[in-house]
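A structural walkthrough
In case you want the letters, here they are:
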Amino acid sequence: MDYDIIIPVAKKDTNFVPRVVKYVKECFDEVDIVYIITNVHNIGKIKRSLRLYEKCEVLDEDTLLPGLTFENIRQLLRSQKEGLSTGWFFQQFLKLGFAETEYAKKYYLTWDADTLPLSHIKFFEGEHPYFTKKYEYNANYFVTIEKILGLQKETDFSFIAEHMIFSPNIVKQMLRDIEHSSVDGNSWFEKIINAGDYNSVFPAFSEFETYGTYVYHNYPNLYKVRQLNTFRCGGY
């Protein structure tokens, strides 16, 4: 099963992302195109660093979808609470918003820009994509999920890993459901922001937890679940 990869890249990761692309291309046999999504000011530097690799495209994060820009998200967050991390929300919205672009095909894999694969990894068992099982838990994520989708936690594990295989068709259906929720807002990303509880010390939204919960509720037999050996202090 072929798929594309998207890697949102912040300025701090621009020097590291060529190594990520190198390992991704070595370890993922079924990958087709690697899309780097970043600020326009980083595009020239990243393109030069990736010139040795075929099927790599660098996209301007602020032109991926109408209205989905760093500045717009910053303003929406400021209307809720000062000090909320715009980049943290924005990269999650980019991962979901990619489903609505002309680039999205049957499946796409989102991969963290600070993460290296160290062995060959398959992301499908036949026609079934994999969820990677994790065990962190943040109840505040599910406050938002219940407001925007009317869903509660469906599993005894977490969907928050260093990657996620998304079905664009399911993502688009989920975003339409969010848009039809009773939460205030003119777009799915504005409604997500407005649904958050920012009095909590814990983050208010996870794109992976939201998508995983939605899939488990609506398509319980589509994905398989597995565990991978991962190490989160690789930078050391």
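What this report covers is the structure whose coordinates are included nearby.

Brief notes about the packing of helix H3 (residues 70-78) against helix H4 (residues 86-97)
The geometry of H3 relative to H4 is characterised by a closest axis approach of 9 Å and an angle of 120° between their N-to-C directions. On the basis of the axis angle, H3 is oblique to H4. The element H3 and its partner H4 pack so that their crossing is right-handed. Here Phe70, Ile73, Arg74 and Leu77 of H3 lie close against H4, whose contacting residues are Thr86, Gly87, Phe89, Phe90 and Phe93. In terms of residue class, the contact of H3 with H4 is made up of six nonpolar, two polar and one charged.

Observations regarding the sheet that holds strand E5 (residues 124-125)
Judged by pairing direction, the sheet is mixed, and its three strands sit side by side in the order E5-E6-E8 without closing on themselves. Only two strands of the sheet have a single neighbouring strand rather than two, namely E5 and strand E8 (224-226). Where E5 and strand E6 (residues 128-132) come together, two bridges link them in antiparallel fashion. Bridging from a neighbouring strand, Phe124 pairs with Pro129 of E6.

So, the layout of surface pockets
In this structure, the largest pocket encloses a volume near 1400 Å³. Contributing to the lining of the largest pocket are 48 residues, with Asp112, Ala113, Asp114, Thr115 and Glu162 lying nearest its centre. Mapped by element, the contributors of at least two residues to the lining of the largest pocket are strand E1 (3-9), H4 and helix H8 (207-218). Ranked by residue count, the leading element in the lining of the largest pocket is H4, at seven residues. For the lining of the largest pocket, a count of residues per class yields 23 nonpolar, 13 polar and 12 charged. Roughly 170 Å³ of volume is contained in the second largest pocket.

Let's talk about a positive patch on the surface
On the surface, a cluster of positive charge is made up of Lys11, Lys45, Arg48 and Arg51. With respect to the secondary-structure elements, Lys45 resides in helix H2 (residues 40-49). The class for Lys45 is partly exposed, based on a relative accessible area of 37%.

The rules behind each value
As a convention, each chain's residues are numbered from 1 in the sequence order in which they are written. Local features in this predicted model are restricted to residues of pLDDT 70 or higher, and side-chain atom pairs are both shown and tallied only at a pLDDT of 80 or more, whereas totals for entire chains, interfaces and linings draw on every residue. Only hydrogens and water are removed before side-chain values are computed, so all heavy atoms of the structure are retained for them. The axes used here are C-alpha line fits, helices contributing only the stretch in contact, and every angle between their N-to-C directions lies in the interval 0 to 180 degrees. Working definition: helices are DSSP H or I runs of at least four residues, strands are E runs of at least two. Numbering for both runs from the N terminus. Working definition: roughly parallel below 35 degrees, roughly antiparallel above 145 degrees, roughly perpendicular at 65 to 115 degrees, and oblique for all remaining angles. Whether a crossing is left-handed or right-handed is set by the direction in which the near helix is turned from the far one by less than a right angle, anticlockwise for left-handed and clockwise for right-handed. Only heavy atoms enter the contact rule, under which two residues are in contact if any of them lie within 4.5 Å. Each residue receives one of three labels: charged for Asp, Glu, Lys and Arg, nonpolar for Ala, Val, Leu, Ile, Met, Phe, Trp, Tyr, Cys and Pro, and polar for the others, Gly being one of them. We call two strands paired when DSSP finds no fewer than two bridges between them. Only protein atoms enter the 1 Å grid, on which a cavity is a set of points fitting a 1.4 Å probe that cannot get out and a pocket is an open set with protein on both sides within 12 Å along at least 5 of 7 lines, lining residues being those with an atom within 4 Å of a point. Grid points are joined across faces, edges and corners, and a volume is the space filled by probe spheres set on the points. Like charges are joined within 9 Å and nonpolar side chains (Val, Leu, Ile, Met, Phe, Trp, Tyr) within 5 Å, but only among residues with over 30% relative accessible area and no salt bridge; these make up the patches. Surface accessibility in these figures is a Shrake-Rupley result with a 1.4 Å probe; residues are shielded only by whichever protein chains are displayed. The term salt bridge refers to a side-chain nitrogen of Lys or Arg lying within 4 Å of a carboxyl oxygen of Asp or Glu. Counted charges follow a simple rule, with Lys and Arg positive, Asp and Glu negative, and His plus the chain ends left uncounted. Lys charges are placed at NZ, Arg charges at CZ, Asp charges at CG and Glu charges at CD. Partly exposed residues are those whose accessible area sits between 20% and 50% of the maximum for their type, while under 20% is buried and over 50% is exposed, using a 1.4 Å probe and protein chains only.

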